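Descriptive structure summary
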Amino acid sequence: MPKPQPKRFTDATAARTYLEGLLWPEGPVCPHCGVLNEATALKGKSTRPGVYWCNACQAPFSVTVGTVYERSKVPLNTWLYATHLLCSSKKGISSHQMARMLGVTYKTAWFMTHRIREAMAPVAGQEPPLGGDGFVVEADETELAPSRKTRPRPRAKNLKFVSLVERDGQVRSKRITGSKGSIATEVRKAIRENVDEASTLHTDGAQMYEFTLAVANHEAVNHNKEFARDGEHGERVHTNTAEGFFSIFKRGLVGTYQHMSEQHLQRYLAEFDFRMNYRVKLGYSDDMRADKALEGIAGKRLTYRRIGEASHA
């Protein structure tokens, strides 16, 4: 018999209780003033369950206020189920498939998945650098070309991004937005801003990596001659981990999403980065990974207008 779904996926009250326990382990926190345990649960026929009154700032709130779930008419248990589905699908899940599984419209499912990706994305400036003394970080860039199986779109351009992968650790990907001449500048900037200066950097033989000047050691592998070699510091020099991540991302693009615009590329990168950063090899189950995504919903808001704005992508 199939395993029954957890109650938080089928019951809105159970979902709210679960989310409150995850986001408020020490009691209700007012999202308006940040005061802890100074709230009173509102009751009555005209009050929906889960609404609190902050005695400090005199404002009502619930566990979804100030999160990517705020002001959504979708039941909270459906949100938790959708988050679990996206977190547990290695190559992603399409909005059409999500709509069928949740019993919602395609438009609703599309908007939900983008909100969940926003929750998966780290807060800018709050990420610790990758690597460190004794750690290897691989850097590589790739392009996403339009599929040959679809009709060519006029003036379609290849999408580019760079991924920085701490070997046996986390990955961080950044969209490359500029022209061909500025790729090297953007890649070097990504390395400077995201890699610990004490790290050993492994790259391919591209000239853009010759003058990064941002790490303690830099070794390159010439892919015209070899896939890997022994390094000067005892490590095996290669970019196979980064290329393995590219393979997963591109399989997700070909088999699941088919197409992603440059406007939304960074959100899809955040999705694949997130699943890689909380993968089974690092000790995370599907439930634990989904809980990490739920923890990321706080302090973020995403409206239809922001989804459509190229400047926010």
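Our structure is the block above this text.
Residues numbered from 1 in each chain as written. Predicted model: local features only at pLDDT ≥ 70, side-chain atom pairs only at ≥ 80, totals over all residues. Heavy atoms only, no water.

Moving on: helix 3 (residues 95-102). Burial in helix 3 covers these residues: S95, M98, A99 and L102. Taken around the axis of helix 3, the buried residues stretch over an arc of 100°, which confines them to a single face. For helix 3, the elements touching its buried residues are helix 2 (76-88) and helix 4 (106-120). Of the residues flanking the end of helix 3, it is G103, one or two places downstream, whose phi is positive at about 75°. (Buried < 20%, exposed > 50% of the residue type's maximum accessible area, 1.4 Å probe, protein only. Helix = DSSP H or I, 4+ residues; strand = E, 2+ residues; numbered from the N terminus. Arc of directions from axis to C-beta. Contact = heavy atoms within 4.5 Å.)

To continue, consider the pairing of strand 4 (residues 136-144). In terms of burial, strand 4 is a largely internal element, seven of the nine residues being buried. Note: strand 4 against strand 5 (residues 159-166), eight bridges, orientation antiparallel. Across the sheet, A139 pairs through a bridge with L164, a residue of strand 5. (Pairing = 2+ DSSP bridges.)

Take the sheet that holds strand 1 (residues 39-41) next. Within a beta sheet, neighbouring strands are joined by backbone hydrogen bonds and run either parallel or antiparallel to one another. With antiparallel pairing, three strands are arranged side by side in an open sheet as 1-2-3. Pairing within the sheet leaves two strands with one partner each, and these edge strands are strand 1 and strand 3 (60-61). Across three bridges, the pairing between strand 1 and strand 2 (residues 52-54) is antiparallel. Its bridge partner being in strand 2, A41 is matched across the sheet by Y52.

Across all of its chains, the model carries 11 aromatic pairs by this definition. On the numbers, 5.4 Å between centres and 35° between planes, the contact of F9 with Y81 is tilted. Highlighted residues: F9 in the segment before helix 1 (12-23) and Y81 in helix 2, separated in sequence by 72 residues. Assigned by exposure class, F9 and Y81 land together as buried. Joined through ring pairs, the aromatic side chains of F161, F246, F249 and F272 make up one cluster. Of note, R275 hangs over the ring of F272, and the distance from its end group to the ring centre comes to 4.6 Å. (Phe/Tyr/Trp six-rings, centres within 6.5 Å; stacked < 30°, edge-to-face > 60°. Lys NZ or Arg CZ within 6 Å of the ring centre and 35° of its normal.)

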